[in-house]
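Fold and geometry: a report
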Amino acid sequence: MSSRLTDHINSQYFEAANRLTSKQARRRIVAYVESYDDIYFWRTVLSRYENEQRYFEVMLPSHRKLERGKKSVLMNFVEGHVGEDMIACVDADYDYLMQGRTPQSKKILESPYVFHTYAYAIENMQCYAPSLHEVCVAVTLNDHRIFDFEDYFQQYSQAIFPLFVWSVWAYRTGNHNRFSLTDFSRVTDPGGFSVGHPQTSIDHLRRKVTSRVHLLQNQFPGNKVQYLQTKEDIKALGITPDTTYLYIQGHSLFDNVVVPILTKVCNRLRQERQDEIMRTSCHHTQRKNEMSCYEHSLQDIRQMLKKNTGCQVSQPFLRLLADLSAYLDASSATTDDSDSPNPDIMQS
């Protein structure tokens, strides 16, 4: 049996701590997350539910080896630990798509105190296509729309959807060693992107996907019925061919697809603004000062993308909010009941 105090901290511990405070004090709800990068995202999610009665504290699990990751959160806090005053907030990964077919997926989907992103990870949320123009503006201070992110990622999603179905099937059936997420990410990297000719990368991507799909069909010749069933299951979960990019491996989407595209778009927007300064400046000193001022105002693409909160109108985010609202409504009802007088005592 463990003798460490932190090994025995659970929701009841925080509930007891809340009861020791005055009735006017706000109730503290601890939210454990997977990593440092998750803290800001979940803070922006949970802060909207703070009021005069409650507040959230987003924390990382503490361990001797400072372990990070979903398994650390779940194994140490889900099993008999989480509750009304202590919750876990994690990336969905493929656990949402597994729909309880693995122990970890089952815990995530069935516990009322574990909340997940629905999208694969917070990186997918940060890469929400309708918000990417705003990221470009934040980086370059140039509001000229020179690229249609929504159209590109709709086409990108449609191109990879057939292979995405194969990927989900592979993980549901234990065949991921023959077609892994790494394999999937390698095929779905568009590569060779050009701002002026984005269709070229989409066409190249479609050829790569078609080639890999044919290879998988040859490897699993009797899989047509299961493939079609998996496809329908995926659509029933709210995933459409137009939004596939939200459900693929997050760091691969972030690093290999979105950042390279944003870099090229932002480079062109930056050059456009610099050309404007060069063209409109009256003399050398003004040009030098304007250019210096502009360059000092530029922001880092990755940092702006990590702080992007434009996903708050996306379907995965709205589903997450619905889960949190249901939990808080039920929790408030329980708290109100526990504070009300006992009718048996009142009658005696």
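Above this text is the structure in question.
This write-up is about the structure you can find in this document.

Analysis parameters
Residues numbered from 1 in each chain as written. Predicted model: local features only at pLDDT ≥ 70, side-chain atom pairs only at ≥ 80, totals over all residues. Heavy atoms only, no water. Pairing = 2+ DSSP bridges. Helix = DSSP H or I, 4+ residues; strand = E, 2+ residues; numbered from the N terminus. Axes fitted to C-alpha atoms, helices over the stretch in contact; angles between N-to-C directions. Contact = heavy atoms within 4.5 Å. Buried < 20%, exposed > 50% of the residue type's maximum accessible area, 1.4 Å probe, protein only. Right-handed = clockwise from strand over helix to strand, strands pointing away. Core = buried A, V, L, I, M, F, W, Y, C linked by side-chain atoms within 4.5 Å. Expected span 1.5 Å × (residues − 1). Arc of directions from axis to C-beta. Parallel < 35°, antiparallel > 145°, perpendicular 65-115°, else oblique. Nonpolar A, V, L, I, M, F, W, Y, C, P; charged D, E, K, R; others polar.

**Considering the sheet that holds strand β4 (residues 114–116)**
- Reading across the sheet, the four strands line up as β2-β1-β3-β4 and stay open at both edges, with parallel pairing between neighbours. In this open sheet, the two strands that pair with only one neighbour each are β2 (54–59) and β4. Ignoring strand direction, the axes of neighbouring strands in this sheet form an average angle of 30 degrees.
- Of the pairings in the sheet, the one linking strand β1 (residues 27–32) to strand β3 (residues 86–90) comprises three bridges and is parallel in character. Directly across from valine 30, in β3, lies its bridge partner methionine 86.
- The sheet contacts of helix α2 (residues 36–46) involve β1, β2, β3 and β4, and relative to β2 the element is tilted by about 170 degrees.

**A few points about the pairing of β2**
- Only one face of β2 is covered, namely the face carrying Arg54, Phe56 and Val58; the face carrying Tyr55, Glu57 and Met59 is uncovered.
- Sheet analysis places β1 next to β2, joined by six bridges and oriented parallel. Bridge assignment links tyrosine 32 to a residue of β2, and that residue is methionine 59.
- A crossover connection joins β1 to the parallel β2 through α2; in handedness this β-α-β unit is right-handed.

**As for the nonpolar core**
- Membership of the largest hydrophobic core comes to 86 residues, with the highest contact counts inside it found for Phe153, Tyr156 and Phe164.
- Among the elements that make up this core, the one with the highest residue count is helix α8 (residues 149–172) (14 residues).
- Apart from the residues within four sequence positions on either side, tyrosine 156 is in contact with Thr188, Pro190, Ile202, Leu205, Tyr245, Ile248 and Val257.
- In terms of nonpolar packing, the next biggest core, distinct from the first, is built from five residues, Val82, Ala88, Val90 and Ile108 among them.

**With respect to the environment of serine 331**
- Structurally, the position occupied by serine 331 is in helix α15 (residues 315–339).
- A sequence separation of 248 residues divides serine 331 from glycine 83, and the C-alpha atoms of the two residues are 9.5 Å apart.
- In this structure serine 331 touches Arg27 and Glu84, once residues within four positions along its chain are discounted.

**Digging into helix α11 (residues 224–236)**
- Look at α11: 18 Å from first C-alpha to last across 13 residues, which is about the 18 Å you get at 1.5 Å a residue.
- Regarding α11, the residues found buried are Tyr227, Thr230 and Ile234. Angularly, the buried residues of α11 cover 60 degrees about the axis, an arc narrow enough to put them on a single face. Within α11, the exposed residues directed more than 90 degrees away from the buried face are Lys224, Val225 and Ala236.
- Residues of α11 that are buried make contact with α8.

**A word on the packing of α8 against helix α10 (residues 198–219)**
- For the pair α8 and α10, the least separation of the axes is 9 Å and the interaxial angle reads 10 degrees. Considering their axes alone, α8 and α10 lie roughly parallel with respect to each other. Across the interface between the two elements, Tyr152, Gln155, Tyr156, Gln158, Ala159, Ile160, Pro162, Leu163 and Trp166 of α8 pack against Pro198, Gln199, Ser201, Ile202, Leu205, Arg206, Val209, Arg212, Val213, Leu216 and Gln217 of α10.
- Broken down by class, the residue content of the contact of α8 with α10 amounts to 13 nonpolar, five polar and two charged.

Everything listed here is a matter of coordinates, which is why it stays silent on function.
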